[in-house]
Amino acid sequence: MIVHLLDGTYELFRQFYGQRRFNKGKDKPFGAVVGLLHSVLEMIEKGATHLGVATDHVIESFRNDLWADYKTGEGIEPALLAQFHPLEDALAAMGVAVWPMIELEADDGLASAARLASEDAGVEKVCIWANDKDLAQCVRGDRVVQVDRRGMEIRDAEGVRRKFGVEPALIPDLLAMVGDAQDGYPGISGIGRTTAARLLNQYGPIEAFPPSVLGDGRDRALLFKDLATLRTDAPLFRNVDELEWRGPTSGFAKWAEGIGETRLLERCLKARAAPGGASQFP
């Protein structure tokens, strides 16, 4: 059994701006949602049997209380933001496990789901379909891997070491020192990725650094590490069988017809009726 975990928020952004290249700014009300559902169905058609999607029900999280400049929903285009909650409803109607995150972020949801799935002896591999570098901390050997959609690169623990210069477990420490502009924290002044990787490989996590290494920046580095550390204790499911796709719910036909996208229903029914085959995924 291979479990596939998707970052629904990232995928929604990807679909929205991908369609912008062709729709000349005339956004369909559910265009990104429809595109994402077709993408999920393609995974199912290629053999994915167990999958779940984590979403940001709201952009803000507990991290905004820790760092005032942490990312917010400010600046997200209304046409995109208006599709956040319909996406969650549509996935649930299509029979896909979906986890809308409120206090936590979608990345925390993926980290929690990866931990839960990897603890199941019946799971051969967990694939996290997300590009965020902070999710590299979830990688474990070749059992829990990250799939970078941009280059379709499958990143196991050795791949994380090649890309970032440190073990997966040290990714939060690395981000704490170099910062993450997308999430809104700056890192430690004067420390770039090469220096940070060297220090981490020499001393281990920030807590083990000699006091002189970071000086007055130590407390800030530990705060940023807290921001970068994904939470893995969200109780998203009790059994991995809950992630098995068994076809759309009875309410999906009405949803698909309501937006004039009956192809989604047709693909769902065909995928449900198709005999199971070997997965074409890693």
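In the block above lies the structure referred to throughout.
Within each chain, residue numbers correspond to sequence positions counted from 1 in written order. Side-chain atom pairs in this predicted model are given and counted only at pLDDT of 80 or more, local residue features only at pLDDT of at least 70, and totals for whole chains, interfaces and linings cover all residues. Excluded from the side-chain calculations are hydrogens and water; all other atoms, namely the structure's heavy atoms, are used.

Regarding the nonpolar core
Now for step 1: Core analysis: the largest hydrophobic core is formed by 39 residues, its most contacted members being Leu 12, Leu 37, Val 40, Leu 91, Met 94, Val 96 and Phe 252.
Now for step 2: A run of H or I in DSSP becomes a helix once it reaches four residues, and a run of E becomes a strand once it reaches two; helices and strands are each numbered from the N terminus. With 9 residues, the single largest contributor to this core is helix 2 (residues 31-45).
Now for step 3: Only heavy atoms matter for contacts: two residues are in contact if any of them lie within 4.5 Å across the pair. Look past the residues within four positions of Val 96 in its chain and what remains in contact with it is Val 40, Leu 51, Val 53, Leu 91 and Trp 245. Only buried residues count toward a nonpolar core, which is a set of Ala, Val, Leu, Ile, Met, Phe, Trp, Tyr and Cys residues joined through side-chain atoms within 4.5 Å. Working definition: with a 1.4 Å probe on protein chains only, accessible area under 20% of the residue-type maximum means buried, over 50% means exposed, and in between means partly exposed.

A look at the sheet that holds strand 2 (residues 50-56)
Now for step 1: Reading across from one edge, 3-2-1-4-5-6 is the order of the 6 strands in this open sheet, with mixed pairing throughout. Edge strands, defined here as strands with exactly one partner in the open sheet, are strand 3 (97-101) and strand 6 (153-155). Sheet twist, expressed as the average angle between the axes of neighbouring strands with direction ignored, equals 20 degrees.
Now for step 2: Every axis in this analysis is a line fitted to C-alpha atoms, fitted for helices over the stretch in contact. Angles between the N-to-C directions lie between 0 and 180 degrees. The sheet contacts of helix 5 (residues 84-93) involve strand 2 and strand 3, and relative to strand 2 the element is tilted by about 160 degrees.
Now for step 3: Here helix 6 (residues 106-118) sits on the sheet in contact with strand 1 (2-7), strand 2, strand 3, strand 4 (125-129) and strand 5 (144-148), set at roughly 175 degrees to strand 1. Pairs of strands are assigned from DSSP output, requiring at least two bridges between the strands.

Comments concerning the packing of aromatic side chains
Now for step 1: Two aromatic rings, drawn from Phe, Tyr or Trp (for Trp, its six-membered ring), form a pair once their centres lie within 6.5 Å of each other, and the interplanar angle then sorts them: stacked below 30 degrees, edge-to-face above 60, tilted otherwise. Per the counting criterion, the structure on display carries 9 aromatic pairs.
Now for step 2: Ring centres of Phe 13 and Phe 84 lie 6.3 Å apart, and the angle between their planes is 70 degrees; this geometry places the pair in the edge-to-face category. Of this pair, Phe 13 sits in helix 1 (residues 8-23) while Phe 84 sits in helix 5, and the two are 71 residues apart along the sequence.
Now for step 3: Residue Phe 13 is classed as partly exposed on the basis of its relative accessible area of 27%.
Now for step 4: Measuring from ring centre to ring centre gives 5.0 Å for Phe 16 and Tyr 17, while their planes differ by 85 degrees; the resulting arrangement is edge-to-face.
Now for step 5: Relative accessible area serves as the criterion here: at 34%, Tyr 17 is assigned to the partly exposed category.
Now for step 6: A connected cluster of aromatic rings, assembled from ring pairs, spans Phe 13, Phe 16, Tyr 17 and Phe 84.
Now for step 7: By the criterion adopted, a ring carries a charge over it if an Arg CZ or a Lys NZ lies within 6 Å of its centre and within 35 degrees of its normal. Above the plane of the ring of Phe 164 lies Lys 163, whose end atom (NZ or CZ) is 5.7 Å from the centre.

Some points on the pairing of strand 5
Now for step 1: Among the 5 residues of strand 5, 5 are classified as buried, and the element is accordingly described as predominantly covered.
Now for step 2: Going residue by residue along strand 5, you find Val 144, Gln 146 and Asp 148 tucked away on one face and Val 145 and Val 147 tucked away on the opposite face as well.
Now for step 3: Bridging between strand 4 and strand 5 involves 4 bridges; their strand directions are parallel. Of the residues in strand 5, the one forming a bridge with Trp 129 is Val 147.
Now for step 4: The sheet contact formed by strand 5 and strand 6 spans 3 bridges and is antiparallel. When the sheet's bridge partners are listed, Val 147 is paired in strand 6 with Ile 154.
Now for step 5: Taking the residues that link successive antiparallel strands as the turn, the strand 5-strand 6 hairpin has 4 residues, and the phi of Met 152 there is positive, at about 50 degrees.

Some details on helix 11 (residues 218-228)
Now for step 1: Taken as a whole, helix 11 has its buried residues at Ala 221, Phe 224, Lys 225, Leu 227 and Ala 228. Across the axial projection of helix 11, the buried residues extend over an arc of 155 degrees, all falling on one side.
Now for step 2: Tucked into the core, helix 11 has its buried residues touching helix 3 (63-66), helix 8 (171-178) and helix 10 (211-214). It is the directions from the helix axis to the C-beta atoms whose arc is reported.

Considerations on the pairing of strand 4
Now for step 1: Within strand 4, 5 of the 5 residues are buried, which leaves the element mostly enclosed by the surrounding structure.
Now for step 2: Across the two faces of strand 4 the burial is the same, with Lys 125, Cys 127 and Trp 129 and Val 126 and Ile 128 all buried.
Now for step 3: Alignment of strand 1 against strand 4, held across 5 bridges, turns out to be parallel. Bridging from a neighbouring strand, Leu 6 pairs with Trp 129 of strand 4.

Side note on helix 1
Now for step 1: Between its first and last C-alpha, helix 1 extends 22 Å over 16 residues, near the 22 Å set by a 1.5 Å rise per residue.
Now for step 2: Every buried residue belonging to helix 1 is among Gly 8, Thr 9, Glu 11, Leu 12, Gln 15, Phe 16, Gly 18 and Asn 23, and all of these are buried.
Now for step 3: Positive phi shows up at Lys 24, right after helix 1, with a value of about 55 degrees. Helix span, as expected, comes to 1.5 Å for every residue beyond the first.

Describing the pattern of salt bridges
Now for step 1: Throughout this description, the term salt bridge denotes a Lys or Arg side-chain nitrogen within 4 Å of a carboxyl oxygen of Asp or Glu. Under the defined criterion, the tally for this structure stands at 19 salt bridges.
Now for step 2: Its salt-bridge partner being Arg 155, residue Asp 148 comes within 3.3 Å of it at the nearest N-O pair. One exposure class covers both Asp 148 and Arg 155, and it is buried.
Now for step 3: Here Glu 261 and Arg 263 are joined by a salt bridge, their closest N and O atoms 2.8 Å apart.
Now for step 4: Accessibility expressed as a relative area gives 51% for Arg 263, which makes it exposed.
Now for step 5: Here the salt bridges do not stand alone but share partners, grouping Arg 63, Lys 71, Glu 105, Asp 108 and Asp 183 into one network.

By themselves, these observations are geometric and do not establish any function.
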